[in-house]
Amino acid sequence: MFRKRNVQRKSSGNSSSANKNFRGQGKRFSKPSRSRKSRSGQSQFSDVSKFINKAVPEKNVKPYTPKNSFADFLIDENLKRNILKTGYKHPTPIQDQAIPHVLNGSDIVGIANTGTGKTAAFIIPLLDKVIRNRKQNIIIIAPTRELAIQINQELVKFAFGLKIFSVCAVGGMPIFRQISDLRRNYNFIIGTPGRVKDLVDRGHIPLEQFQTIVLDESDRMLDMGFINDMRFLMSAMPENHQTLFFSATLSDDIKNIINNFLTDPISISVRVNDTASSIDQDVVYVKNEVKLDLLHDLLIQPEFNKVLIFGKTKLGVEKLSERLSGRGLKVKSIHGNKNHTQRQHALKLFKENTVNILVATDVAARGLDIPNISHVINYELPSTYEDYIHRIGRTGRGGKAGKALTFIG
Ligand code: ADP
Ligand code: MG
């Protein structure tokens, strides 16, 4: 049974807003100004000052005082124990403000800076929803396989000992294995839009029996051309269902989807600035001929101990990775021309510090939570400012300090 909604609408000052309709939200949800693209597709940011920002030193960051503690949330005691085991002491702002509404059954649009705990803001209350009613089916959609797998790993951590199971339905892996997993007992499916739609089409995911859908990094899915898949999935849900959107950025296109598909969504924005205040951002002016040498010089500095480098194209990223490797650096690459196993392997080696440099396309820009990345380097410019926000958001996570450098030709 679906719980009756008890939708609270409160406007709580600067840090959160709750509105009936998304239209007319004003500046809070306005899209960061996009870069202009030239005919060659090369982005031309007219204002590089957007890439320069001093991080706010930790001692100057006004600590957030959560209204709730994990102990106060009206959630299952075993779940609380698992939260404590992960080492979380206090809810982050988005968790503090979103969890009560998710527990109430409301539709939510949650906007918070990169690395501020959006995953647990939906995983914790949704696990509680399942504990209260084991017949609940929940589907979580993410733009990339790596992010879907990471969300699943988070879920498994919080679901320890609760006998709640999930199926990961991502592309690039054998579909028959997933089909057989879907015949077993599960409450959560976590997947990428294309593969999930494929499984729905083949009759293996009965979306009409799902009570909740989460779209993580939803705006990225639109950029990747998944708009029709998203519309299809949202339309296939039963009438009375809960929808949650989470991201650090929200484009106008996604606002249209929100207006069409969400029922009186509660919008919670705890984002103060476009980028996380923990990231020190600067630009490096460099001529093309010496770009690689300069990158090399930086990478051998001791403080560049774990570096994620972004390039624009799959070929360019592969070439750069080979060149750095040829210079004796420990480097791996991740992009769409690599198969699933190679991508997972590269990520694993980087996470474990076996290699300390990962060169990537924007496939690694969204959502990935890799501990202790010291630097993000934009070797080539991102296409849009939103992409910039997400790329640099791979560092400075969970309140830790990070640095971002953007090469300007
Ligand atoms: P986002 O989705 O906002 O980019 P994540 O959900 O990936 O952020 O979380 C970023 C990091 O912060 C993760 O390593 C996560 O384990 C950690 N984290 C999340 N919530 C808390 C909390 N309440 N206390 C401590 N660490 C947290
Ligand atoms: Mg996230």
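Notes on the structure in this doc start here. (Residues numbered from 1 in each chain as written. Chains lettered and ligands numbered in written order. Predicted model: local features only at pLDDT ≥ 70, side-chain atom pairs only at ≥ 80, totals over all residues. Heavy atoms only, no water.)

### Some words on the overall build of the chain
Helix and strand counts for the chain stand at 13 helices and 15 strands. When each of the 409 residues of the chain is scored for burial, the buried share is 56%. Of the contacts formed within the chain by residues at least 6 apart in sequence, a portion of 76% connects residues at least 24 apart. Only carbon and sulfur atoms are counted for the fraction: they give 50% of the accessible area of the chain, which is about 18600 Å². (Helix = DSSP H or I, 4+ residues; strand = E, 2+ residues; numbered from the N terminus. Buried < 20%, exposed > 50% of the residue type's maximum accessible area, 1.4 Å probe, protein only. Contact = heavy atoms within 4.5 Å. Areas by Shrake-Rupley, 256 points an atom, 1.4 Å probe, with all protein chains shown as cover.)

### Remarks on the nonpolar core
Ranked by size, the top nonpolar core spans 72 residues in total, and within it Leu79, Phe122, Ile124, Leu127, Ile140 and Phe188 carry the most contacts. When residues in this core are grouped by element, the largest group, nine residues, is from helix H3 (residues 118–132). Among the domains, domain 1 (15–60 + 277–408) and domain 2 (77–269) are the pair contributing at least three residues each to this core. Not counting residues within four places of it along the chain, the set of residues in contact with leucine 79 comprises Ile124, Leu127, Asp128, Ile131, Phe158 and Leu162. Core analysis: the next-biggest nonpolar cluster, separate from the first, contains 33 residues, Ile179, Leu215, Leu233 and Met237 among them. (Core = buried A, V, L, I, M, F, W, Y, C linked by side-chain atoms within 4.5 Å. Domains from an automatic or database assignment.)

### Some words on the sheet that holds strand S3 (residues 108–111)
Ordered in space as S5-S6-S4-S7-S8-S3-S9, the seven strands form an open sheet in which the pairing is parallel. Edge positions in the sheet fall to strand S5 (166–169) and strand S9 (266–269), since each has one partner strand and no second. Averaged over neighbouring strand pairs, the angle between their axes works out to 15° when direction is ignored. Two elements, S3 and strand S8 (residues 242–247), share four bridges in a ladder whose sense is parallel. Its bridge partner being in S8, glycine 110 is matched across the sheet by phenylalanine 246. (Pairing = 2+ DSSP bridges. Axes fitted to C-alpha atoms, helices over the stretch in contact; angles between N-to-C directions.)

### Details of unusual backbone geometry
Look at aspartate 264: it is not a glycine, yet its phi comes out positive at around 40°. In this structure, aspartate 264 sits in the loop between helix H9 (252–261) and S9. The phi angle at asparagine 372 is positive, at roughly 60°, despite the residue not being glycine. Inspection of the secondary structure puts asparagine 372 in the loop between strand S13 (357–360) and strand S14 (375–378). In this structure asparagine 372 comes out as partly exposed when scored by relative accessible area, which is 48%.

### Focus: the environment of lysine 85
Following the sequence through the fold, lysine 85 ends up in helix H1 (residues 77–85). Its relative accessible area of 56% is what places lysine 85 among the exposed residues. Each C-alpha atom, one on lysine 85 and one on lysine 157, is 9.1 Å from the other, the two residues being 72 residues apart in sequence.

### Details of H1
Turning to H1, its buried residues number three or more, namely Leu79, Lys80, Asn82 and Ile83. Projected down its long axis, H1 shows its buried positions confined to an angular sector of 160°, all on one face. Residues of H1 that are exposed and point over 90 degrees away from its buried face: Arg81, Leu84 and Lys85. Considering only its buried residues, H1 is in contact with H3 and helix H4 (145–158). Among the residues of H1, the N-terminal cap falls to aspartate 76, whose side-chain oxygen and the backbone nitrogen of asparagine 78 are separated by 2.9 Å. Trailing H1 by a residue or two, glycine 87 shows a phi angle of about 95°, which is positive. (Arc of directions from axis to C-beta. Polar contact = N/O pair within 3.5 Å; in protein donor to acceptor, adjacent residues only side chain to side chain.)

### Things to note about the pattern of salt bridges
Inspection of every chain in the model, using the stated rule, returns 17 salt bridges. Measuring nitrogen to oxygen at the nearest pair gives 3.0 Å for the salt bridge that ties lysine 197 to aspartate 201. Residue lysine 197 and its partner aspartate 201 are located together in helix H6 (residues 193–201), separated by four residues, close to a single helical turn. A relative accessible area of 21% means that lysine 197 is categorised as partly exposed. Classification of aspartate 201 as partly exposed rests on a relative accessible area of 48%. Put simply, arginine 202 and aspartate 198 hold a salt bridge, and the shortest N to O gap is 3.1 Å. By relative accessible area, arginine 202 is classed as partly exposed at 42%. Within this structure, Glu217, Asp219 and Arg366 form a network of salt bridges that share partners. (Salt bridge = Lys/Arg side-chain N within 4 Å of Asp/Glu carboxyl O.)

### A closer look at the site of ligand 1
Within the structure, ligand 1 sits among 15 residues, and Tyr88, Gln95, Gly115, Thr119 and Asp369 are positioned closest to it. Protein contacts shield 82% of the accessible area of ligand 1, which totals 570 Å² for the unbound molecule. Looking at the shell around ligand 1 residue by residue, the class counts come to two nonpolar, ten polar and three charged. (Near = heavy atom within 4 Å. Nonpolar A, V, L, I, M, F, W, Y, C, P; charged D, E, K, R; others polar.)

### Structural notes on the environment of threonine 384
Its location among the elements puts threonine 384 in the loop between S14 and helix H13 (385–392). Sequence spacing of threonine 384 and phenylalanine 45 is 339 residues, and the spatial spacing of their C-alpha atoms is 8.4 Å. Only 3.0 Å separates the side chain of threonine 384 from the backbone nitrogen of aspartate 387, close enough to count as a polar contact.

### Digging into the side chain of threonine 395
On the secondary structure map, threonine 395 appears in the loop between H13 and strand S15 (402–408). A distance of 2.6 Å separates a polar atom in the side chain of threonine 395 from the backbone oxygen of isoleucine 373. Each residue touching threonine 395, except ones within four places of it in the same chain, is listed here: Ile279, Ile373, Ser374, His375, Val376, Ala401, Gly402 and Lys403.

### Here we look at the side chain of asparagine 82
Along the polypeptide, asparagine 82 turns up in helix H1. Judged by its relative accessible area of 4%, asparagine 82 is buried. Discounting residues that sit within four places of it in the chain, asparagine 82 has contacts with Lys157, Phe158, Ala159, Phe160 and Leu162.

Purely geometric stuff here, so don't read any function into it on its own.
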